[in-house]
Amino acid sequence: MEMDYDVVFIGSGQGAWNGAIPMAKRGLNVAIIESSLWGGTCTNRGCNAKFTLDRPAELVFEARELVGLGIDQVPKINWADLMAHKQDVIGPLSDKMRQRMDKGGVHTITGHAQFVDAHTLRIDDRQTITADKIVIVTGQVPHRLDVPGRELMHDSTDFLSSASLPDRLTVIGAGYIGMEAASIASLAGADVTLVTDGNAALRSYDQTTVDRLVTIMRQNGVKFIFNQSITAAHQIVGGIEVTGDHDFRLETDYILDATGRVPNTSGLNLAAVNVQTNAHGIVVNDHLQTGEPNVYATGDVIAKSVAKITPTAVFESHYLADLLTDQTSAPIRYPNIAVNVFTMPRLASVGISPAEARQAPERFRVETVDYAQDWFHQSDNEMGSEITLIYDQADQLVGAVDMSNQAPDTINTLLGYMELGVTKAQLDKMIYIFPSNTWETRKRIIK
């Protein structure tokens, strides 16, 4: 049977268009179906919007560190102006992303897609299309607490579009969304309390470093309440009351439910096809195939052990473009993936974790450098920051954790060294700008 398209993507996020455009340029007839904003969550409701709000908060944080050391007055954030700037930056992106796909030779279709069978999709009960191959790229959506008063709570999309900054903000959850929002709001002037039912923040990160981060955030005004579950929220005179186990009560003006994200698979009618899911998303093999050989998935909707972040989705999309245009038949191989939390200071890591390394001292060596002893970071008065480096028996760098204002750049530099297996002899031949973060990073790993 002749199909309408060679490949159809359900969803237009990073895991879709990064592969769809190369496929179209290589001669495939490709379409993308989108029911909301073009470009997906990261472009419109996540990373880009967050970083636009984050940048002024970063400047406030760095200025605070230099008060009395050349800075007399810390700037204040005007939230209304900042939100207007964010909208100016982010507002046009959806249309621009669709134009980019159109110019790249990809057919763009607006609507909600559901499976009829493994080769057929129905769009809003108005149109049916067929495709040789279908790729699910529907991402994740915010998890919401199922408690009385949940209608008084907001998700990350709401917070990133909030017209005004609340005087009192309660963040529920200590993952990267909760921690980043707490950092931004606190530095913008809100009274922030972060509540989590766990005994730690950022549980997938090195906890020794996270403990130091929590200490710094506390010093900057964020209150942390651990081991506390939330059971309800109630409207009261002058605000909202949050209640929880053990007679917990907290008055607030705004509640951010940052209790995680869940796979966005409802509404696809997956019962019509052989596509398995679990609590973590759609199950795929090492070629990103579902149980239906012609149905694939990329991005955060996949159940996978590697980090669910934008660069991973881009990598998967590029891989799928090569796979479906016969550029490769090999299974996907994930390289080292660097991850970062945009708190103040930043927390970034890559490769083997310090905890893993310490459990196998016969295989790994761990070194930690307190930046308080480093002139480069002393110049910025980064007194609480540090870097931890992990080496294997051959003295090759295999992991790193950095907590500093420059952590993303530091880890990006180290990622290249690790992935390419750069040796000390090769590093000795590289003359970087001095002073710079890259120069200082190189110096640490070859000393």
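The following refers to the structure shown. (Residues numbered from 1 in each chain as written. Predicted model: local features only at pLDDT ≥ 70, side-chain atom pairs only at ≥ 80, totals over all residues. Heavy atoms only, no water.)

**Description of unusual backbone geometry**
The condition that has to hold: A run of H or I in DSSP becomes a helix once it reaches four residues, and a run of E becomes a strand once it reaches two; helices and strands are each numbered from the N terminus.
Backbone torsion omega between Met344 and Pro345 reads -5°, so that peptide bond is classified as cis. By secondary structure assignment, the location of Pro345 is in the loop between strand 20 (339-341) and strand 21 (346-351). A cis amide bond links Phe434 with the next residue in sequence, Pro435, at an omega value of -10°. Position of Pro435 relative to the elements: it lies in the loop between helix 13 (424-427) and helix 14 (437-446). The phi torsion at Asp395 lies on the positive side, around 65°, for a residue other than glycine.

**Let's talk about the sheet that holds strand 23 (residues 386-392)**
Where we set the bar: Think of it this way: DSSP has to see at least two bridges between two strands before they count as a pair. Here the axes come from fitting lines to C-alpha atoms, over the contacting stretch only for helices, and the angles between their N-to-C directions go from 0 to 180 degrees.
With antiparallel pairing, five strands are arranged side by side in an open sheet as 20-21-24-23-22. Taken across any chain shown, the strands that pair with only one partner, and hence form the sheet edges, are strand 20 and strand 22 (364-370). Neighbouring strand axes in the sheet, compared pairwise and without regard to direction, differ in orientation by 10° on average. Note: strand 21 against strand 24 (residues 397-404), six bridges, orientation antiparallel. When the bridges of strand 24 are listed, Gly351 appears paired with Gly399.

**Describing the packing of helix 12 (residues 407-420) against helix 14**
For the record, the criterion: Relative orientations are named as follows: roughly parallel for angles under 35 degrees, roughly antiparallel for angles over 145 degrees, roughly perpendicular for angles from 65 to 115 degrees, and oblique for any other angle. By convention, the crossing between two helices is left-handed when the near helix turns anticlockwise from the far helix through less than a right angle, and right-handed when the turn is clockwise. Residue contacts are defined here by distance: any two heavy atoms, one from each residue, within 4.5 Å place the two residues in contact. Gly is placed with the polar residues, together with every amino acid not listed as nonpolar (Ala, Val, Leu, Ile, Met, Phe, Trp, Tyr, Cys and Pro) or charged (Asp, Glu, Lys and Arg).
Interaxial distance between helix 12 and helix 14 falls to 9 Å at its minimum, and their mutual angle equals 50°. Classified by the interaxial angle, the pair formed by helix 12 and helix 14 is oblique. The hand of the helix 12/helix 14 crossing is right-handed. Taken together, the residues of helix 14 that come into contact with helix 12 (itself represented by Asp409, Thr410, Thr413, Leu414 and Tyr417) are Asn437, Thr438, Thr441, Arg442 and Ile445. For the contact of helix 12 with helix 14, the class distribution of residues is three nonpolar, five polar and two charged.

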